[in-house]
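Descriptive structure summary
Given next are the chains, with one letter for each unit.
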Amino acid sequence: MNQDDFLVLECLDDIYLALEKSLKKIQPVRSIHRLKLEYWAEEIRNHRRILEEISLPARLVVEHLMSIQLITGQVALEVGQLSQGFSSIRGINIEQFGIIKIKFGELEVSWRDDDYSYYFYPDKVELRAKDEKSGIKLFFSIAFTRQAVEKYPELLLSPQVAYIHPQLEKWVKKVE
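Note that the structure is predicted; figures quoted are calculated from it, not measured.

1. Focus on the sheet that holds strand β7 (residues 135-140)
Ordered in space as β4-β3-β2-β1-β7-β6-β5-β8, the 8 strands form an open sheet in which the pairing is mixed. A strand with exactly one partner marks an edge of an open sheet, and here the two such strands are β4 (107-112) and β8 (161-164). Direction aside, neighbouring strands of the sheet carry axes that sit 30° apart on average. Summarising the sheet, strand β3 (residues 99-104) and β4 pair through 6 bridges and their orientation is antiparallel. When the bridges of β4 are listed, F104 appears paired with L107. Contacting β1 (74-79), β2 (82-95), β3, β5 (116-121), β6 (124-129), β7 and β8, helix α3 (residues 56-70) runs over the sheet at an angle of about 110° to β2.

What follows is the structure in structure tokens.
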């Protein structure tokens, strides 16, 4: 983890502690506002798991999906014989034990990070189960940016990265 990650975790802790304090105060109140505070606390735990519980390649994918979601980009999906055209990202959750859940349109796809290898291309990522029995392909309407990829110089050292496109590899290595 780099210095920026520690700063983000510290800020998330500050927010979470404030939410916990507020949740104790509002516990006896039956209100949609209490439910919203509980939702925000879960969102903070979700963001902590991105930094603490998933691999570097999974983190790159999740953070790219979060960026796409923020600027209303879209993602297409292929899982086995099932495919879905480009649609908006409705939700991204990181659960305990590195389980990643992404909601696209009306579909939800999930995988356990430790069970997959990652194949990176400029505008898509393939996740292949280590037992080779299943795979997931995510196609992005907005390709990986140099800025996003350069944040992960350790990506090439990850045993879960099975392939990285030469252009992305140049960016990781910060080669012109």
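That shown, we press on.
2. Looking at the packing of helix α1 (residues 3-26) against helix α2 (residues 32-52)
At a closest axis distance of 9 Å, the pairing of α1 and α2 adopts a crossing angle of 155°. The orientation of α1 with respect to α2, classified from their angle, is roughly antiparallel. α2 is crossed by α1, and the crossing has left-handed handedness. On α2, the residues touching D5, V8, L9, L12, D13, I15, Y16, L19, E20, S22, L23 and I26 of α1 are H33, R34, L37, E38, W40, A41, I44, R45, H47, R48, L51 and E52. In the contact of α1 with α2, the residues fall into 13 nonpolar, 3 polar and 8 charged.

3. Some details on the nonpolar core
Of all hydrophobic cores here, the largest spans 36 residues; its most connected members are L65, I100, I102, W111, Y118, F120 and L138. Looking at this core, the element that brings in the most residues is α3, giving 6 residues. L12, L19, A41 and L51 belong to the second largest nonpolar core, which has 9 residues in total.

Calculation criteria
- Residues numbered from 1 in each chain as written.
- Predicted model: local features only at pLDDT ≥ 70, side-chain atom pairs only at ≥ 80, totals over all residues.
- Heavy atoms only, no water.
- Pairing = 2+ DSSP bridges.
- Helix = DSSP H or I, 4+ residues; strand = E, 2+ residues; numbered from the N terminus.
- Axes fitted to C-alpha atoms, helices over the stretch in contact; angles between N-to-C directions.
- Contact = heavy atoms within 4.5 Å.
- Parallel < 35°, antiparallel > 145°, perpendicular 65-115°, else oblique.
- Left-handed = near helix turned anticlockwise from the far one by under 90°.
- Nonpolar A, V, L, I, M, F, W, Y, C, P; charged D, E, K, R; others polar.
- Core = buried A, V, L, I, M, F, W, Y, C linked by side-chain atoms within 4.5 Å.
- Buried < 20%, exposed > 50% of the residue type's maximum accessible area, 1.4 Å probe, protein only.

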